[in-house]
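Notes for the structure review
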Amino acid sequence: TVQGTARRMRHEGYSAGDGEEDHEEQGKGIIPSPIMLLSGHAAPVYSVSFDPSGRFIASGSHDKEVFLWSVSTCENVGVLRGHKNAVLKVAWNSAGTRVATASADKTVGLWDSETGKRLKKFDDHAKVCNCVDVAKGEMHLVSGGDDGRALIWDPRSRRPTGSFDAGFAVTCVAFSFDENLVFSGGIDNEVKAWDRRQGMVSFAMQGHKDTVTGISVSPDGTKLLSNGMDRVLREWDIRPFSAGDRLLKEYVGVQHNPEKNLLRCSWSWDGEMVSSGSADQVVHIWDVATAEELYHLPGHAGSVNEVAFHPSESVIASAGSDSNIFLGEL
């Protein structure tokens, strides 16, 4: 059964400033109205992601379910059921045909986005599975867990095809563009770049003073964004032979709180903006060129856990602990 509702919203967020004309009734582009509220989850929403075509959204929640939404109608078009605990991260494959999920039930799920069926259940993590990413090319997954490991998965195999022991709980993971590196962040406050062939750390990025809760590789593959509980968003140079300090810049304004949610971070499709989850219930978006805040968007009544940028349009989706998702034009 399909569930969930969408309705037009009117609040002071999701607009560039006081000079904006009121265009509440009609969206300029791909969504029905400049701001849409997508409600249906029964508990905090921890993750949200656009599929590569920008036509669908997947959202993962503490209610153990993943909802699929149509961007053009903002209607719920599917529910992925099967996890036995909170869904902490969702990610699409490059074809938009599969959704990968990381859950507190210690498993990674791989789902058919059209039929809603779970195709694979990977259960090698000994503790909570916090995160998952899907490679851009080959259909490989990487997951990270409280057991201190980042695991590589090939859907053709039941067992992990690679394992990296970080020694501390892994809270976020990402593939490099060429898939030669796997990045992991965790409670040891650093981001590690693992060489997949050698199974060793190629380089590490140190600077955060508290747990790294989210990482994201830039659209051109040369930079990595990290969100830390030290309330700083950091941008790093991840080119293989980069010399000297890899830290490029810092973005300030993001908030964390005692809930200690794994607040994620993201790049816009053109690499010109970044955003992150923030516990102050506000969507923060920064300009990459200047590191200054471009948008400060209220509306959620709980922590903003993840913000996702549409892959080709000026539209964002935000997932909140208020059980809601906002879809808005910038």
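Presented here is a report on the structure given in the accompanying data block. Note that this is a predicted model, so its numbers are computed, not measured.

Thoughts on the side chain of Ser39
The residue Ser39 is located in strand 2 (residues 35-39) in this model. For Ser39, the contacting residues outside a window of four places in its chain are Gly4, Thr5, Trp69 and Asn324.

Section: the pattern of salt bridges
As enumerated under the stated definition, the model contains 13 salt bridges in all. For Asp124, the salt bridge goes to Arg159, with nearest N and O atoms at 3.1 Å. Of this pair, Asp124 sits in the loop between strand 10 (118-122) and strand 11 (129-134) while Arg159 sits in the loop between strand 13 (149-153) and strand 14 (162-165), placing them 35 residues apart in sequence. When the shortest N-O distance is used, the salt bridge between Lys192 and Asp188 registers 2.3 Å.

Brief notes about the nonpolar core
What tends to happen in soluble globular proteins is that the nonpolar side chains get buried as a cluster. Counting 18 residues, the largest nonpolar core has Leu38, Val48, Phe50, Ile57 and Leu327 as its most contacted members. Looking at this core, the elements that each hand over two or more residues are strand 2, strand 3 (45-50), strand 5 (66-70), strand 28 (315-320) and strand 29 (324-329). Residues Cys172, Phe183, Phe203 and Met205 belong to the second largest nonpolar core, which totals 14 residues.

Notes on unusual backbone geometry
With glycine set apart, most residues show a phi of negative sign, and most peptide bonds adopt trans. At Cys74, a residue that is not glycine, the phi angle is positive and equals roughly 60°. Secondary-structure assignment places Cys74 in the loop between strand 5 and strand 6 (76-80). Judged by relative accessible area, which is 0%, Cys74 ranks as buried. Unlike most non-glycine residues, Ala291 shows phi in positive territory, near 65°. Here Ala291 is to be found in the loop between strand 25 (283-287) and strand 26 (293-297).

Some points on the packing of aromatic side chains
One pass over the structure, following the stated rule, counts 5 aromatic pairs. Arranged with centres 6.5 Å apart and planes meeting at 65°, the rings of Phe183 and Phe203 form a pair that is edge-to-face. Note that Phe183 is positioned in strand 16 (residues 181-186) and Phe203 in strand 18 (residues 200-206), a separation of 20 residues in sequence. Both residues of the pair, Phe183 and Phe203, count as buried. Against the face of Phe203 rests Arg246, its NZ or CZ located 3.7 Å from the ring centre.

Topic: the pairing of strand 15 (residues 170-175)
For strand 15, the buried fraction is high: 6 of the 6 residues fall into the buried class. Of the pairings in the sheet, the one linking strand 15 to strand 16 comprises 5 bridges and is antiparallel in character. Across the sheet, Phe175 pairs through a bridge with Val182, a residue of strand 16. The hairpin formed by strand 15 and strand 16 contains 5 residues between the paired strands, and Glu179 there has a positive phi angle of roughly 65°.

Cut-off values and rules
- Residues numbered from 1 in each chain as written.
- Predicted model: local features only at pLDDT ≥ 70, side-chain atom pairs only at ≥ 80, totals over all residues.
- Heavy atoms only, no water.
- Helix = DSSP H or I, 4+ residues; strand = E, 2+ residues; numbered from the N terminus.
- Contact = heavy atoms within 4.5 Å.
- Salt bridge = Lys/Arg side-chain N within 4 Å of Asp/Glu carboxyl O.
- Core = buried A, V, L, I, M, F, W, Y, C linked by side-chain atoms within 4.5 Å.
- Buried < 20%, exposed > 50% of the residue type's maximum accessible area, 1.4 Å probe, protein only.
- Phe/Tyr/Trp six-rings, centres within 6.5 Å; stacked < 30°, edge-to-face > 60°.
- Lys NZ or Arg CZ within 6 Å of the ring centre and 35° of its normal.
- Pairing = 2+ DSSP bridges.

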